[in-house]
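# Architecture and fold: a report
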Amino acid sequence: MNPDIRNDATALKGRSGQMDIDRIKADFPILKQPVNGHRLVYLDNAATSQKPKQVIDAIVKYYNESNANIHRGLHTLAEKATSAYENVRVHAARFIGGVDNSEVIFTSGTTESINTIARTWGEKNIRSGDEIVITEMEHHANLVPWLVLSQNTGATLRRISLTPDGQLDLTNINDIITARTRLVAVAHMSNVLGTINPVADIAELAHRRGAIVLVDGAQAAPHMPVDIKQTGADFYAFSAHKMLGPTGVGVLWGRKTLLEDIPPFTTGGEMIREVRFDRVTWNDVPHKFEAGTPNIAGVIAFDRALSYLEELGMENIRSHEIELSGYAINRLLELDGIEIQGPLDPHLRGGAISFTDAKIHPHDISTFLDSRGIAIRAGHHCAQPLMRTMGKVATARASLYIYNDRMDIDALIDALKETRRYFGV
Ligand code: PMP
């Protein structure tokens, strides 16, 4: 391990072993910038996280010192870039619970990871009459690829509905996941409701019925310890940009036997073993799924993001978010007319907190908060079917991460009170 990182981490954890939020904030240059004349309070982490200087520096260092294309050159820079890139694969495999390195595929993000499986495993295995099961809380990234696949193949898309407090309603699960089910696609943590889903239980049932399971980990991997083997998933997808890393980098993990069995998604350079004018054979996994030049700088900088999270400790990050979500939920509920979507118990959820005000549109809330330097998200959060299920056109969403503290929540609550005064509510 790099000694610089170890020193940083000791400081980041503070004397009590808790996370030292002031020290963490200091690592994020963007947070020093005032927005609309106010201290920036960044509460849009479910959309993307901010980047610590360690990650930003790694991008600059890569271009200054090692830029070359990977896997194909025999010169020094090419070897340097290739070994740095491949080391991140090893690191990512360790981060998700110590899986086989060759099961880790770098993609551009969760969306591409899920599309890869829908277009390869899906097209190979799904036939008319088969059933694909999703849940009512899925992000479009884990819904549209399955909708399109079912439309193209004549399969049926079924869904697990929700309880009134935004958890999966598993009472009739045996009628939904049946012998006709070929695949269950489920979010580990909802980007709208914050709900943490019992993916291991769902996977166990799916496997008993002979189905495979894809878990959308875009919101879980950044915020809680994830041991992929314990999730029971056959495929697991997440994005670097929501966990301190650069945009344009994602991970698709898959069981090796499945990955070996399915055809590639994108074809071209790097993913082949041999090409003739009349035939082609594929490279081994994971390279079979990494055609063309990847986001080399992004992957290499993602290494520092993983180190940063590991040094804080994913258990500590989860504890911090349980504490802060509980505080935020209690403070939001002090306000008249505010309704929170999703579970209220912070142990059942992550820090993406969606809420609505009985009298003010979420877009107006977001615009007003922005004038006070507070960044939240308002809209359908790429989950239009969920909005319809909840009977909402949109929600406001404050979503937390490692650099948020009670001061940020207090600023949010004060500004929400001000919003209500401004709109005469
Ligand atoms: N799934 C969930 C639950 C998400 O929150 C997101 C991002 N908002 C995605 C998938 C898609 O991730 P990306 O845009 O990085 O591909």
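Residues numbered from 1 in each chain as written. Predicted model: local features only at pLDDT ≥ 70, side-chain atom pairs only at ≥ 80, totals over all residues. Heavy atoms only, no water.

## Side note on helix 11 (residues 296–312)
- Taking 1.5 Å as the rise per residue, helix 11 with 17 residues should run 24 Å; its terminal C-alpha atoms sit 25 Å apart, in good agreement.
- Burial analysis of helix 11 places 14 of its 17 residues in the buried class, the great majority of the element.
- Following helix 11 by one or two positions, G313 has its phi on the positive side, about 95 degrees. (Helix = DSSP H or I, 4+ residues; strand = E, 2+ residues; numbered from the N terminus. Expected span 1.5 Å × (residues − 1). Buried < 20%, exposed > 50% of the residue type's maximum accessible area, 1.4 Å probe, protein only.)

## Focus: the sheet that holds strand 12 (residues 352–357)
- Strand order across the open sheet formed by four strands is 11-12-15-14, with antiparallel pairing between neighbours. The open sheet terminates on both sides in strands that have one partner only, identified here as strand 11 (338–341) and strand 14 (377–379). Along the sheet, successive strands turn relative to each other by an average axial angle of 30 degrees, direction set aside.
- Pairing of strand 12 with strand 15 (residues 395–399) involves four bridges; the strand directions are antiparallel. Across the sheet, A352 pairs through a bridge with S399, a residue of strand 15. (Pairing = 2+ DSSP bridges. Axes fitted to C-alpha atoms, helices over the stretch in contact; angles between N-to-C directions.)

## Let's talk about the site of the ligand
- Among the 13 residues in the neighbourhood of the ligand, the closest are listed as T111, D216, Q219, S239 and K242.
- Within the side chain of T111, an N or O atom sits 2.6 Å from an oxygen atom of the ligand.
- Here a nitrogen atom of the ligand and a side-chain polar atom of H139 are 3.2 Å apart.
- Isolated, the ligand exposes 400 Å² of accessible area, and the fraction of that covered by the protein chains is 86%.
- Each residue belonging to the shell around the ligand can be placed in one class, and the counts come to three nonpolar, eight polar and two charged. (Near = heavy atom within 4 Å. Polar contact = N/O pair within 3.5 Å; in protein donor to acceptor, adjacent residues only side chain to side chain. Areas by Shrake-Rupley, 256 points an atom, 1.4 Å probe, with all protein chains shown as cover. Nonpolar A, V, L, I, M, F, W, Y, C, P; charged D, E, K, R; others polar.)

## Overview of the packing of aromatic side chains
- Here the structure, examined in full by the defined rule, presents eight aromatic pairs.
- Both rings, one in Y401 and one in Y403, keep their centres 6.0 Å apart while their planes meet at 80 degrees; by these two values the pair is edge-to-face. The residues Y401 and Y403 share a single accessibility class, namely buried.
- Taking the centre distance of 5.1 Å and the plane angle of 80 degrees together, the rings of Y422 and F423 count as edge-to-face.
- Taking relative accessible area as the criterion, Y422 reaches 59% and is therefore assigned exposed.
- Taken together, the ring pairs connect F28, Y308, Y401 and Y403 into an aromatic cluster. (Phe/Tyr/Trp six-rings, centres within 6.5 Å; stacked < 30°, edge-to-face > 60°.)

## Quick look at the confidence of the model for the protein
- Residues with a pLDDT of 70 or more make up 96% of the protein, whose mean pLDDT is 95.
- In the predicted structure, residues 1–11 sits below a pLDDT of 50 and forms ten contacts with residues beyond four places in sequence or in another chain. (pLDDT = per-residue confidence, 0-100. Contact = heavy atoms within 4.5 Å.)

## Regarding the nonpolar core
- Residues I24, Y236, M243, L244, F302, I402 and Y403 are the most contacted members of the largest nonpolar core, which totals 77 residues.
- Those residues within four positions of Y403 in sequence are excluded, and the remaining contacts are I21, I24, K25, F28, L31, Y42, N45, S49, Q50, L244 and D408.
- Counting residues in hydrophobic clusters, the runner-up holds 25 residues, among them I374, L400, A415 and L416. (Core = buried A, V, L, I, M, F, W, Y, C linked by side-chain atoms within 4.5 Å.)

## Focus on the pattern of salt bridges
- Going through the model one piece at a time under the given rule, you end up with 26 salt bridges.
- Salt-bridge contacts for E131 lead to R158; the nearest nitrogen and oxygen are separated by 3.4 Å. Highlighted residues: E131 in strand 3 (residues 131–135) and R158 in strand 4 (residues 156–160), separated in sequence by 27 residues.
- What makes E131 buried here is its relative accessible area of 8%. (Salt bridge = Lys/Arg side-chain N within 4 Å of Asp/Glu carboxyl O.)

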